[in-house]
Amino acid sequence: MKKILLWCAAVCLAAGLTACGSESSYTTTEGDTGTATATASPENTSETTTAGAETTGPTITMANMSFGEPITVAPGAQITVKNDDSAEHSVTSQTEGQFDVHVDGGEQGSFTAPTEPGEYAFYCVYHPSMKGTLIVK
């Protein structure tokens, strides 16, 4: 009986290590593979990088299931989206087609701000109670 339990434990441990060591990738709308997905309107572009990369310029940081305070950016600015949570989040414009960036936990991505000044409400498609505002001026 002990041999069977030890064998089961070894199989479970091996399966767990294999699952933890595997790396999945997603395809972005541009056709590149990466660790996050992104959809952008023709005027917006997006890309993803690892969270260890340095961020410069305007940044939306997702932490503790929140976007934090609204950020103000220049029209057409490149915005970094940093996910400090373990769950996947998105920065999805309330108005369809403006911007939609999905970022795995611990990763970061980016998108280009709209070129028209205004306030742009956004939310997380995975956690609809997460809401934020991007101010372009």
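## Topic: the confidence of the model for the chain
Piece 1. Mean pLDDT over the chain: 74, with 59% of residues reaching 70 or higher.
Piece 2. Across the chain, the secondary-structure element scoring lowest on mean pLDDT is strand 1 (residues 26-27), at 30, and the one scoring highest is strand 11 (residues 118-123), at 98.
Piece 3. Contacts of residues 1-52 to residues separated by more than four positions or lying in other chains number 66 contacts, the stretch itself having pLDDT below 50.

## Overview of unusual backbone geometry
Piece 1. With phi around 55°, N64 is a residue other than glycine that occupies positive phi space.
Piece 2. Relative to the helices and strands, N64 is located in the loop between strand 5 (59-62) and strand 6 (71-73).
Piece 3. The phi torsion at M65 lies on the positive side, around 60°, for a residue other than glycine.
Piece 4. Along the chain, M65 falls in the loop between strand 5 and strand 6.

## Regarding the environment of T72
Piece 1. With respect to the helices and strands, the residue T72 is situated in strand 6.
Piece 2. The exposure class assigned to T72 is partly exposed, which follows from its relative accessible area of 46%.
Piece 3. Along the sequence, T72 and T133 sit 61 residues apart, while their C-alpha atoms lie 8.8 Å from each other.
Piece 4. Apart from residues no more than four positions distant in its own chain, T72 is found in contact with I135 and K137.

## Some remarks on the nonpolar core
Piece 1. If you look at the biggest cluster of nonpolar residues, it comprises 20 residues, and the most contacted ones within it are I60, F67, V73, I79, V91, F111 and L134.
Piece 2. Secondary structure elements with two or more residues in this core: strand 5, strand 6, strand 7 (78-83), strand 9 (99-103), strand 11 and strand 12 (131-136).
Piece 3. Sort the elements by how many residues they give to this core and strand 9 lands first, with three residues.
Piece 4. Setting aside residues up to four positions removed in sequence, I79 forms contacts with P58, I60, I71, V73, G109, S110, F111, A113 and L134.

What counts and what doesn't
Residue positions are given per chain, counted from 1 along the sequence in the order it is written. For this predicted model, a pLDDT threshold of at least 70 governs which residues receive local features, and a threshold of 80 or more governs which side-chain atom pairs are given and counted, while totals over whole chains, interfaces and linings are taken from all residues. Here the side-chain values reflect all heavy atoms present in the structure, with hydrogen atoms and water set aside. Confidence per residue, as judged by the predictor, is encoded in pLDDT with a range of 0 to 100. Working definition: helices are DSSP H or I runs of at least four residues, strands are E runs of at least two. Numbering for both runs from the N terminus. Residue contacts follow a heavy-atom distance rule, with two residues in contact if any of their heavy atoms lie within 4.5 Å. Buried, partly exposed and exposed residues are distinguished by accessible area as a fraction of the type maximum, computed with a 1.4 Å probe on protein chains only: under 20%, between the cut-offs, and over 50%, respectively. Residues belong to one nonpolar core when they are buried, are Ala, Val, Leu, Ile, Met, Phe, Trp, Tyr or Cys, and are joined through side-chain atoms within 4.5 Å.

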